[in-house]
Amino acid sequence: MPEPESHPGDPAASVVHTHAATLKRLEKSSGSLAAQAIARMDETLPWYRAMPPENRSWIGLVAQAGIAAFTEWFRRPDTPQAISTDVFGTAPRELTRAITLRQTVEMVRTTIEVMESAIDEVAAPGDERVLREALLVYAREIAFATAQVYAQAAEARGAWDARLESLVVNAVLSGEADEGAVSRAAALGWNSPEHVCVVLGTAPDGDSELTVEAIRRAARHAKLQVLTGVLGNRLVVIAGGSPNPLAVAKSLIGPYAAGPVVAGPVVPDLLAATRSAQAAAAGLKACTAWQDAPRPVLADDLLPERAIAGDPSAREQLVEEIYRPLGEAGSALLETLSVYLEQASSLEGAARMLFVHPNTVRYRLRRVTDVTGWSPSDVRSAFTLRIALILGRLADGDPQA
């Protein structure tokens, strides 16, 4: 976007060197006008009074530069000048973070009002109208310059934030998350929520920035914090603020392309989010083996497919969360479950094989559900339990496995 410029067609172009007296008085008054503008800001703008001395000093320099730039502009109104460079170039780039666009507008308005109120004193007799018209045009140019400075700062900050966010998301997904990633996330506004999970799916075709913005809108509506990005053909969302990963995935599923969407388990913080990301990635890979899987689906609901696909963490989880607890609860549970599954989930068949009453089998199966959270009477759960038994026996080195 080009710098705002003054053009010969502007009303201020009527200023000629015959107004040398006004120009001389304007040059002489620039210091006192700047002081008056700063005093007016201190009197009428509470945010200015509350600022650190360093920032107030920079704002004072901007006001002085604005008045000096107007003086030079009044001297040569037909010469193109980059007002944003003349005025805002005196302050560091960080000032756009310290004061908002609204505050900058208030600062510019206050300075212009001070200059306008001094027109009758500064202008030579008969030049009041010319000076007022020049100030009006200059105020318009300053308004454009202000908008340009903040637009450029926002664009630069947005591009930098996007790169920073991509680094954090990639670190979590690749298992390289460390304190540096946490620090970068904090710079993006991540305030370390207690519950974190990762949701993975296929990214839609088209502009990835639009996809990311759609995720942000959905997250705001669901009151979630998110770090997100499109990595290759995958849309990755690190979400914080809810202990229910399935509810998180459902609230964010809109921007995903068709296909499976997998939510990893909830972990306590961003450093542990790698575990959730790896589970979600393994689930996304294994999802093709469960064609009737719901959408979205939990990574933990895909444990058997993940284990068969070679995911070591899924194998360990099945052994440690199903097989070991059943063994610790008594050999009768493991034996009953194994026979029940081998007998095609028949209570009577299992009872005959075990030489017990069917009610005993029924009681033991309820105990299996209590211990593991998986019900042997449910087809899907029975499949998971069968895989857990197989892996547990292999882990124990059972020659009959």
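Being a predicted model, the structure only gives us computed values, none of them experimental. (Residues numbered from 1 in each chain as written. Predicted model: local features only at pLDDT ≥ 70, side-chain atom pairs only at ≥ 80, totals over all residues. Heavy atoms only, no water.)

Each aromatic ring pair is described using two quantities: the centre-to-centre distance and the angle formed by the ring planes. As enumerated under the stated definition, the model contains 3 aromatic pairs in all. Aromatic pair phenylalanine 70 and phenylalanine 74: ring centres 6.2 Å apart, planes at 40 degrees, arrangement tilted. Here phenylalanine 70 pairs with phenylalanine 74, and both are found in helix 3 (residues 53-75), just 4 residues apart, close to one helical turn. The residues phenylalanine 70 and phenylalanine 74 share a single accessibility class, namely buried. Each member of the aromatic cluster is reached from another via a ring pair, and the members are Phe70, Phe74 and Tyr138. Here arginine 380 stacks its cationic end above the ring of tryptophan 290, 3.6 Å away from the centre of that ring. (Phe/Tyr/Trp six-rings, centres within 6.5 Å; stacked < 30°, edge-to-face > 60°. Helix = DSSP H or I, 4+ residues; strand = E, 2+ residues; numbered from the N terminus. Buried < 20%, exposed > 50% of the residue type's maximum accessible area, 1.4 Å probe, protein only. Lys NZ or Arg CZ within 6 Å of the ring centre and 35° of its normal.)

Turning our eyes to something else, we now look at the confidence of the model for the protein. Across the protein, the average pLDDT comes to 83, with 86% of residues at 70 or higher. In this model residues 1-17 is a low-confidence stretch, pLDDT under 50, and it forms 38 contacts with partners more than four residues away in sequence or in other chains. (pLDDT = per-residue confidence, 0-100. Contact = heavy atoms within 4.5 Å.)

Counting across every chain of the model gives 10 salt bridges. Residues aspartate 120 and arginine 132 are paired through a salt bridge, measuring 3.9 Å at the closest nitrogen-oxygen approach. Within this pair, whereas aspartate 120 is found in helix 7 (residues 119-122), its partner arginine 132 is found in helix 8 (residues 128-174), the two being separated by 12 residues in sequence. For the salt bridge of arginine 306 with aspartate 300, the shortest nitrogen-to-oxygen distance reads 4.0 Å. When salt bridges with common partners are traced through the structure, they connect Asp300, Arg306 and Asp311 into a single cluster. (Salt bridge = Lys/Arg side-chain N within 4 Å of Asp/Glu carboxyl O.)

Right, let's talk about a negative patch on the surface for a bit. On the surface, Glu176, Asp178, Glu179 and Asp269 cluster together into a negatively charged patch. With respect to the secondary-structure elements, glutamate 176 resides in the loop between helix 8 and helix 9 (179-187). (Patch = residues over 30% accessible without salt bridge, like charges linked within 9 Å, V, L, I, M, F, W, Y side chains within 5 Å. Areas by Shrake-Rupley, 256 points an atom, 1.4 Å probe, with all protein chains shown as cover. Lys, Arg positive; Asp, Glu negative; His and termini not counted. Charge placed at Lys NZ, Arg CZ, Asp CG, Glu CD.)

With 35 residues, the main nonpolar core has Trp47, Ile59, Phe70 and Phe74 as its most contacted residues. For this core, the leading source of residues is helix 3, giving 8 residues. The residues contacting phenylalanine 70, other than those within four sequence positions of it, are Leu26, Met115, Leu131, Ala134, Leu135 and Tyr138. (Core = buried A, V, L, I, M, F, W, Y, C linked by side-chain atoms within 4.5 Å.)

Within a regular strand, side chains alternate between the sheet's two faces. The buried fraction of strand 1 (residues 196-202) amounts to 6 of the 7 residues, a majority that puts the element mostly inside the structure. Both strand 1 and strand 3 (residues 234-240) contribute to a ladder of 7 bridges, which runs antiparallel. Counterpart to valine 198 in the pairing with strand 3 is isoleucine 238. Two strands pair when backbone bridges link them, and strand 1 and strand 4 (residues 261-263) are joined in this way by 3 bridges, in the antiparallel orientation. Looking across to strand 4, one finds that glycine 201 is bridged to valine 261. (Pairing = 2+ DSSP bridges.)

Before going further, it helps to examine unusual backbone geometry. Of the consecutive residues arginine 295 and proline 296, the connecting peptide bond is found in the cis state with omega at 5 degrees. On the secondary structure map, proline 296 appears in the loop between helix 12 (273-286) and strand 5 (297-298). Notably, alanine 344 is not glycine yet its phi reads approximately 60 degrees, a positive angle. Inspection of the secondary structure assignment puts alanine 344 in the loop between helix 15 (331-342) and helix 16 (347-354).

Once that is clear, we can look at helix 14 (residues 312-328). Helix length check: helix 14 (17 residues) gives 22 Å between terminal C-alpha atoms against 24 Å at 1.5 Å per residue, within 8%. Along helix 14, the sharpest change in direction is near 30 degrees and occurs at valine 319. Within helix 14 the residues assigned to the buried category are Ala314, Gln317, Leu318, Val319, Ile322, Tyr323 and Leu326. Contact partners of the buried residues in helix 14: helix 13 (303-308), helix 15, helix 17 (358-372) and helix 18 (379-396). (Expected span 1.5 Å × (residues − 1). Bend = angle between axes of the 7 residues up to and from the residue.)

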